[in-house]
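# Inside the fold
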Amino acid sequence: FDLFDYCGLHLYTIVEAFAKTLPPGTINFISGPGRETMPPLMSKGTIDGLAFIGGSRAADDLMKTHPEPHRLKVFLQLEAKNMAIALPNIFEPENTSALKNTLDEVLLGSLSYNGQRCTALKIIFIPKDQGASFASQFAQRVQQLRIGFPWQSHEHGKYSQITPLPNARRVQYMKELIEDATSKGAKIINENGGSIVGGSESTLMIPAVLYPVTPDMKVYEEEQFGPIVPIVEYDSIDTVLQYGREGKYGQQVSIFTASNDDVLTSLVDSFSNIFGKININSQCGRSPDTLPFSGRRSSAMGVMSVTDALREFSVPTVISYKEKKEEEGMTARIVEGVKQTSNFMQDI
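Scope of this entry: the structure provided in the associated data block. All figures in this text were calculated on a predicted structure; none of them were measured in a lab.

## Overview of unusual backbone geometry
Between Y211 and the following residue, P212, the backbone shows a cis peptide bond with an omega angle of -5 degrees. Examined against the element boundaries, P212 turns out to sit in the loop between β8 (208-211) and α8 (218-221). The amide bond that connects S287 to the next residue, P288, takes the cis arrangement and shows omega of 0 degrees. Checked against the element boundaries, P288 lands in the loop between β12 (277-280) and β13 (296-297). Although it is not a glycine, Y113 sits at a positive phi angle of roughly 55 degrees. Locating Y113 in the fold gives a position in the loop between α5 (96-111) and β4 (121-127).

What follows is the structure in structure tokens.
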């Protein structure tokens, strides 16, 4: 039973607030699988705006269903393969605090919400000869994560950090990615990584740290959207740049460094035309909502923030007039009179 596939129970908590605040019919909820409920609505041609969070193929299918897709104002947040890049200076002996921060941020970025968020870190790039050490230290942190149901209390009253995946399909896809990677030379670094806890019907998966991951593996390119952390060793910064330039997605990237050097500057300048957000020494994320949340390529269409979201679904309308000398202000007085009685022309 997948709550998000079959019902709108998760919306009940906000329905009452909307009902108290907005006129009847302003917001309507339709429960059911999106692939069954949305196409009939779109095919009518009466929908003028589409805000969609999900997969790019589903978004493309929905837009094609509309009889006049050119009319749609579209806002999309789609897939991502956000990179975490640790620069070589992180591993210099005097930069232990920078390495600790990198490990902590990559752990949060890759496995919070089971890695099931578009802004999660989906692939980790570590300098050559540092990958094994980083993977080992990272696996030790993964071993300490609390695994169970969301409401399950652990030692010191703390709740689970890794919880069940939404359905068996997602578990099967995780297994396929892990099997493909291990068949091509990657190893599961953490103990019991990829194992299912709770029997054959369970969807509670222990995260899998994979190393070394190489370009011939599916998880190198595909968005896993789950508790798999692929770690890649790179020979030169050109490898990292190439991955960013040639990748399908362009949402965010995280760069971890212990100094302001030419390598960092080069990455920032190059990635500014590829990604919607460049994070320095921190995981990828959306907030704060006062900042633009955007993306390029197959990761997004449009910009989200408190103000940008309003602009995405607004079309400016201008009331104009010409002031002619011989009219002695007649048109201006007419327009001012309309403004006094018009709802549209009232100041906000």
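## Some remarks on the sheet that holds strand β11 (residues 252-256)
Strand order in the open sheet formed by seven strands is β5-β8-β9-β4-β3-β11-β12, and the pairing between neighbours is mixed. Each edge of the open sheet is held by one strand with a lone partner, namely β5 (187-188) and β12. Sheet topology places β11 next to β12; four bridges connect them, and they run parallel. Among the inter-strand pairings, I255 is bridged to a residue of β12, identified as I280.

## Some remarks on the side chain of E105
Mapping E105 onto the fold places it in helix α5. Not counting residues within four places of it along the chain, the set of residues in contact with E105 comprises L121, F256, N281, S282 and Q283.

## Concerning the packing of aromatic side chains
Summed over the entire model, instances satisfying the criterion amount to eight aromatic pairs. Ring centres of F18 and F29 lie 6.3 Å apart, and the angle between their planes is 35 degrees; on these two criteria the pair is classed as tilted. In this pair, F18 sits in helix α2 (residues 12-21) while F29 sits in the loop between α2 and α3 (34-43), placing the two residues 11 residues apart along the sequence. Relative accessible area serves as the criterion here: at 38%, F29 is assigned to the partly exposed category. Consider the rings of F149 and W151, whose centres lie 5.1 Å apart with planes at 5 degrees: the pair is stacked. A relative accessible area of 40% means that F149 is categorised as partly exposed. Put simply, the rings of F91, F134 and F138 touch in pairs and so form one group of aromatic residues.

What counts and what doesn't
- Residues numbered from 1 in each chain as written.
- Predicted model: local features only at pLDDT ≥ 70, side-chain atom pairs only at ≥ 80, totals over all residues.
- Heavy atoms only, no water.
- Helix = DSSP H or I, 4+ residues; strand = E, 2+ residues; numbered from the N terminus.
- Pairing = 2+ DSSP bridges.
- Contact = heavy atoms within 4.5 Å.
- Phe/Tyr/Trp six-rings, centres within 6.5 Å; stacked < 30°, edge-to-face > 60°.
- Buried < 20%, exposed > 50% of the residue type's maximum accessible area, 1.4 Å probe, protein only.

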